[in-house]
Each structure stands twice: as structure tokens, then as C-alpha cells.
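# Geometric and topological summary
Listed below are the residues making up each chain.
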Amino acid sequence: MDHQGQFRRAALALGIPDDEVSRFIQHLRLSIRLNGRSGGVPVGQFGGLPRLPVGMEWPSDGVSPLPFIFSVDCAALPRVDGFGLPADGSLLFFLNHAQAAATGERRYGRVVYVPAGTDTEVATGSTDDAFVGEQYDVGATLRAEFPGWFGADDEDEKDEEDEDDLSPFQQQLALDLERDLPHLDELCALANDLWPPQNRYISAYIGGYAHEEVIESFAEQTLAWREKTGEIVIPVAKWYSHVEKETHRLTSEWVSLAHFPVDNELYYRSDGSFVIRHDDLAAGRLDEALSMAELIP
């Protein structure tokens, strides 16, 4: 479905100029929301035993099996403009959330792509094993997402009295938004009407924006490496400003491949995710996806 065309027609019907609609669409992303209560045709499976290519061993961290989180049938998922998921085949996500959060090592997460037509079999394992969760099917719906610097989800933070708390870079972004997208609130509201942001009973999101904390971490690592190699020199007083600008740049380069809550009785919230560069996803380099995990006491 031509979601961009659908949005453009609806925005033009509201009297919003076409060039402004085009600028907004550059930042609008749709994520695929997976949950077990959406009804319709199942598009994936959470928990249980995955179907792996015949002869393939259960993915591991080199020592222990990785917990299987979920799988999706790419052909059954809604097609999303600008999101380069494979057109068919299956994606399987494995993550040892606790170890990934504690160490930050890539070996504790893995994405397996099984091309269409591959001979598969139910992986060997016991439903009593710690790496196999409760099995259930999920359906799919779409949700509109915007970059964090839009402030679309922070209505209470838009007051003028908060402007003094913004950094110079954030102030410039706000000025650019006001100039380039004078109908920003109306456009965000329209997108949310077309693809509602309902968050109840969600099992996972496929696509959309990677969490800002993840991108900021990449920005810091990138800048630190460039300094170490002598490519750039950043005064300590200007470090945060450079991180802000690099985070803003990388936001358009990376996409969330999957984001999902993880049950953990010891923490208020625990999340797992996989992120990937747009270019790697479009080229089918799914082994370049990075796993992330977060534990919030």
C-alpha cells in the first residue's frame, strides 16, 4: 500500500501546502506493531520452538543456547515505504537479554534470516528449557513514529518557559522546525489518526526509529574513535555539542529492526532491541544488526 500517498492526500485535503507535506514525510516512519490480540492472520510466533533450516544448530553465544524471542513471516507483514525488510522468508530473533545488558557484547544477540523455500524443521529443544518461552501467535498493525527532536510526544515540554533549558543546537532545531513545518502539530495528529499510537498489549515493534539513547551511544563511540585516530580534535567544553550533532545525523542512518519488552521480575522495565543501518538492511546484510538490551531498576 502507498502509505506516503495516502498521507499526502489526507494532508492536502486539510489545506497543508504540498512542499511542507513532502518535508514532513521525509521524517515520518511507520513501525509494524506485533501483538497477540490484534486478530487477523498471524504474521509471526513468539516463544516456543523456532523453525530453523534443516541441519542448523540452535544459535548460541559460543557456550550456551540463546533464548528464542520471536519470528516473523516477512511476506505476511505489511509493506512499509522506505523500510527494506526482505519481501519473503522468515526473520528469527534470539537474545540473551541479561548477558547483553551486562556486557554489551554482540554475541548475546542474533538475527537469523531463513530465505523462502528453505527446508526447515522445528529446532530440537524442550519447552522446559530456560531459552524457550510461552508460545503464541501475533498479528500486525501499523504505528506512526517521529524523530525525538520533533517533540511530538512531549506536549507538556513545549512551553516557552522551557526554551531556556534547550542547548543552542536544540534551539536551532526548534527554529528550523517552526520555519519548515509550521503545521507540524496538525501533521503529527493526522499521522496518528491514520496509524494510531496505541501501546497496550504490545509484544514487539518492527521498524521505526531506534531509541535516542542507542543512537547517542553510537555517536559517542564514533566521535571517540575519530579523536583516537587523529581525524578530529574536540575541546572538552564542546564535546556534548558534537555528540548532539552526530546523534542527529545518525538518526537518519539507523533504523530499529526490532524492539520488544522482556519479562524480568527484578526490574521495573527491561527492553531488548536490534538496530541496523538502512543501507545494510536494504542490501540484506542482516548479520550486521546490533543487539541492545536495557535494564531499568
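This text gives an overview of the structure that appears in the document. (Residues numbered from 1 in each chain as written. Predicted model: local features only at pLDDT ≥ 70, side-chain atom pairs only at ≥ 80, totals over all residues. Heavy atoms only, no water.)

### A word on the pairing of strand β5 (residues 90-95)
A regular strand places its side chains so that they alternate between the two faces of the sheet. What counts is decided by this rule: In this scheme, a residue with accessible area under 20% of its type's maximum is buried, one over 50% is exposed, and one in between is partly exposed, where area comes from a 1.4 Å probe on protein chains only. Put simply, DSSP H or I for four residues or longer makes a helix, DSSP E for two residues or longer makes a strand, and each gets a number counted from the N terminus. Being paired, for any two strands, means DSSP has found at least two bridges between them.
Of all the six residues making up β5, five are buried; the element is thus mostly covered by neighbouring parts of the structure. With five bridges connecting them, strand β4 (residues 68-73) and β5 associate as antiparallel partners. Note on β5: the bridge partner recorded for Val72 is Leu91. Pairing of β5 with strand β6 (residues 109-114) involves six bridges; the strand directions are antiparallel. Bridging from a neighbouring strand, Leu92 pairs with Val112 of β6.

### A closer look at the pattern of salt bridges
Which entries qualify depends on this criterion: Whenever Lys or Arg places a side-chain nitrogen within 4 Å of a carboxyl oxygen from Asp or Glu, that contact is recorded as a salt bridge.
Counted under the stated rule, the structure contains 11 salt bridges. Taking the shortest distance from any N to any O, the salt bridge between Asp176 and Arg179 comes out at 3.4 Å. Here Asp176 and its partner Arg179 are both found in helix α4 (residues 168-180), three residues apart, which amounts to about one turn of the helix. Using a relative accessible area of 23% as the deciding quantity, one classes Asp176 as partly exposed.

### Digging into the packing of aromatic side chains
Put simply, the rule reads: Pairing of aromatic side chains requires ring centres within 6.5 Å, counting the rings of Phe and Tyr and the six-membered ring of Trp. Pairs whose planes differ by under 30 degrees are stacked, by over 60 edge-to-face, and all others tilted.
Considering all chains together, one arrives at 15 aromatic pairs under this definition. With a centroid separation of 5.4 Å and 15° between ring planes, the pair formed by Phe7 and Phe24 is classed as stacked. Highlighted residues: Phe7 in helix α1 (residues 3-13) and Phe24 in helix α2 (residues 18-25), separated in sequence by 17 residues. Residue Phe7 shares its accessibility class with Phe24, and that shared class is buried. With a centroid separation of 6.4 Å and 15° between ring planes, the pair formed by Phe146 and Phe150 is classed as stacked. Just as Phe146 is buried, Phe150 falls in that class too. What links up through ring pairs into an aromatic cluster is the set Phe7, Phe24, Phe146, Trp149, Phe150 and Trp195.

### A short note on the environment of Ser252
Quick reminder of the rule: Residues adjacent in sequence count toward polar contacts only when both atoms are side-chain atoms; beyond that, a polar contact is any pair of N or O atoms within 3.5 Å, and within protein one must be able to donate a hydrogen and the other to accept it.
Within the secondary structure, Ser252 sits in the loop between α7 (239-251) and β10 (254-261). Once the C-alpha coordinates of Ser252 and His27 are considered, the two residues, 225 residues apart in sequence, prove to be 8.4 Å apart. At 3.0 Å, the side chain of Ser252 forms a polar contact with the backbone oxygen of Arg249.

### Focus on α4
We count it as follows: To estimate the expected span of a helix, subtract one from its residue number and multiply by 1.5 Å. In this description, one arc is meant: the one made by directions from the helix axis to the C-beta atoms. Any two residues having at least one pair of non-hydrogen atoms within 4.5 Å are treated as being in contact.
Helix length check: α4, at 13 residues, gives a terminal C-alpha distance of 18 Å against a target of 18 Å (1.5 Å per residue), a fit within 8%. Turning to α4, its buried residues number three or more, namely Phe169, Leu173 and Leu177. Along the axis of α4, the buried residues cluster in a sector spanning 80°; they form a single face. Away from the buried face of α4 by more than 90 degrees, exposed residues Pro168, Leu175, Glu178 and Arg179 are located. Here the buried face of α4 lies against α5 (184-194) and α7.

None of this, on its own, says anything about what the molecule does.
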